[in-house]
Amino acid sequence: MKKTDIFKTMEQDIQNANLDETTKTKLLNNIMKLKKEKVNLMITGATGSGKSSTINAMFDTEVAKVGVGVDPETMDIEKYELDNLIIWDTPGLGDGKEKDIAHSKAIIKKLNELDEKGEPLIDLVLVILDGSSRDLGTSYELINKVIIPNLGENPEKRILIAINQADMAMKGRYWDYESNQPMPKLVKFLDEKAESVKRRVKEATGVEVEPIYYSAGYKDEGDSQRPWNLSKLLYYIVKNTPAKKRLSYANNISEEPEMWKDDDKLKDYTKEVQKSFIETVVEYASKGADIGEKIGTILGGSVGRDIGRKVGAFGGAVVGFIKGIFS
């Protein structure tokens, strides 16, 4: 378990702030509401696409509690509880027709499950494709016939498609292992692959998706490779999660800087994730409480002075917590 907790940090900050008791009570009530929010993330894909390696690289899975459903139809879907983050790891498809039918039924049943508020239990589905494979037929079957038809209205808001093993997309060629990044020829190939996936999903379902590509990396005895573009994947996950639930990721992100070191540099993804967390604090934790502009300069330009002006007196330690997540 992490030594610090974002919700405890906010509670302590509020208690220590120079605020009247009425304002403190409002803030603490807001924190309690945020603390009760849970995000349910389903991770699915064909066998060998790298679901487990992605989960292990991205999240603090050492505290995972693995369980299985009591219903025989869902018992192959593993449930990882990481504080406020719940990951549903589905069996890989592609191991035989009968198994695929059974697994597809389990996935469909889970996608149609409602929470206690009568809303879909699964907030977001991450479909992982194997970038090293030319045959993505099983993945398209999964996306077009199983996932998207069971996401309800606006399915594009509840699905992400990510192409893993970008380093092996051209059989390991054109990957700069020293700097851990693709060479221009491989980038072109990966861009074309992502565009092809986007086009085929659009043609089959009418749904617009924006696939990204990455590498979850690996650790073997005496050999390892850092992830690449994992920070971009996390950014897209957080960005597509309902704002009030985004802090559910904060306590569970891997604390190993190596996980987030290498990416395509098109954006500063770690700062964008931090900004999303801070915006949630601004919008929900301080809702209805006038707490002034006491820490406007703490955030600095990197995450936005406007946000800093709004966070209020309790934001100092919270911002420090959020900015330290990836370092």
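These numbers were taken from a predicted model, which means no experiment stands behind them.

Caption draft 1: Expanded view of the overall build of the protein chain. Counting its regular elements, the protein chain contains 10 helices and 11 strands. Looking at the protein chain as a whole, 52% of its 327 residues qualify as buried. For the protein chain, long-range pairs separated by at least 24 residues make up 70% of all intrachain contacts whose partners lie at least 6 apart in sequence. Working note: accessible area of the protein chain is about 16,000 Å², and carbon and sulfur atoms make up 47% of it.

Caption draft 2: Summary view of the nonpolar core. Counting residues in hydrophobic clusters, the biggest one holds 51 residues, and the most contacted among them are L126, L233 and F277. Per element, the largest residue contribution to this core is seven residues, and it comes from helix α8 (residues 269-285). Of all hydrophobic cores here, the second largest spans 37 residues; its members include L121, V125, A169 and L190.

Caption draft 3: Region of interest: the packing of helix α5 (residues 137-147) against helix α6 (residues 184-205). Between α5 and α6, whose axes approach to 10 Å, the crossing angle comes to 40 degrees. Here α5 lies oblique to α6, going by the angle between them. Crossing hand, α5 versus α6: right-handed. For the pair α5 and α6, the contacting residues are Y140, I143 and N144 in the first and S196, V197, R200, V201, A204 and T205 in the second. A breakdown of the residues in the contact of α5 with α6 according to their chemical character gives five nonpolar, three polar and one charged.

Caption draft 4: Here's a closer look at the pattern of salt bridges. Scanning all chains against the criterion turns up 14 salt bridges. For the salt bridge of E11 with K35, the shortest nitrogen-to-oxygen distance reads 3.6 Å. Of this pair, E11 sits in helix α1 (residues 6-16) while K35 sits in helix α2 (residues 21-36), and the two are 24 residues apart along the sequence. Classification of K35 as partly exposed rests on a relative accessible area of 32%. A salt bridge links K265 to D263; its shortest N-O distance comes to 3.9 Å.

Caption draft 5: Summary view of the confidence of the model for the protein chain. Averaged over every residue, the pLDDT of the protein chain is 84; the share at 70 or more is 83%. This stretch, residues 63-75, has a pLDDT under 50; its non-local contacts, to residues over four places away or in other chains, come to 24 contacts. Every residue in residues 292-313 scores below 50 in pLDDT, and together they form 44 contacts with partners more than four places removed in sequence or on other chains.

Caption draft 6: Structural detail: the environment of V197. Within the fold, V197 resides in helix α6. Note on V197: relative accessible area 1%, which makes it buried. With near-sequence residues (within four places) excluded, V197 lies in contact with L129, L136, Y140, I161, I163 and P211.

Caption draft 7: Summary view of the packing of aromatic side chains. Throughout the structure, instances matching the rule amount to five aromatic pairs. Considering the side-chain rings of W175 and W228, the 5.6 Å spacing of their centres and the 90 degrees angle between planes classify their relative orientation as edge-to-face. Within this pair, whereas W175 is found in strand β7 (residues 175-176), its partner W228 is found in the loop between β11 (223-225) and α7 (230-239), the two being separated by 53 residues in sequence. Neither W175 nor W228 differs from the other in exposure class; each is buried. Ring centres of Y235 and Y236 lie 5.3 Å apart, and the angle between their planes is 75 degrees; this geometry places the pair in the edge-to-face category. In textbook terms, an aromatic cluster arises when at least three aromatic residues are bridged by ring pairs, as seen for W175, Y213 and W228.

Thresholds, definitions, all that
- Numbering of residues begins from 1 in every chain and follows the order in which that chain's sequence is written.
- For a predicted model such as this one, the threshold for reporting local features is a pLDDT of at least 70, and the threshold for listing and counting side-chain atom pairs is 80 or more; totals across whole chains, interfaces and linings nevertheless cover every residue.
- Side-chain figures throughout are based on the complete set of non-hydrogen atoms in the structure, without hydrogens or water.
- Helix and strand assignments follow DSSP, with helices taken as H or I runs no shorter than four residues and strands as E runs no shorter than two, numbered in order from the N terminus.
- Buried means the residue's accessible area, taken with a 1.4 Å probe over protein chains only, is under 20% of the maximum for its type, while exposed means over 50%, and partly exposed covers the values in between.
- In this description, contact between two residues means that some pair of their heavy atoms is separated by no more than 4.5 Å.
- Only the protein chains shown count as cover for residues, and all accessible areas are computed by the Shrake-Rupley method using a 1.4 Å probe.
- Here, the term nonpolar core denotes a set of buried Ala, Val, Leu, Ile, Met, Phe, Trp, Tyr and Cys residues that are joined through side-chain atoms within 4.5 Å.
- Interaxial angles span 0 to 180 degrees and are taken between N-to-C directions of axes, which are lines fitted to C-alpha atoms, for helices over the stretch in contact.
- We call two directions roughly parallel when the angle between them is under 35 degrees, roughly antiparallel when it is over 145, roughly perpendicular when it lies between 65 and 115, and oblique otherwise.
- Here a crossing is taken to be left-handed if its near helix is turned anticlockwise relative to the far helix by less than a right angle, and right-handed if that turn runs clockwise.
- Each residue is assigned to one of three groups, with Ala, Val, Leu, Ile, Met, Phe, Trp, Tyr, Cys and Pro labelled nonpolar, Asp, Glu, Lys and Arg labelled charged, and all others, Gly among them, labelled polar.
- What makes a salt bridge here is a side-chain nitrogen of Lys or Arg within 4 Å of a carboxyl oxygen of Asp or Glu, nothing more.
- Each residue carries a pLDDT score, the predictor's own confidence in it, on a scale running from 0 to 100.
- Put simply, two rings from Phe, Tyr or Trp (the six-membered ring, in Trp's case) pair if the centres are within 6.5 Å, and we call them stacked under 30 degrees between planes, edge-to-face over 60, tilted for the rest.

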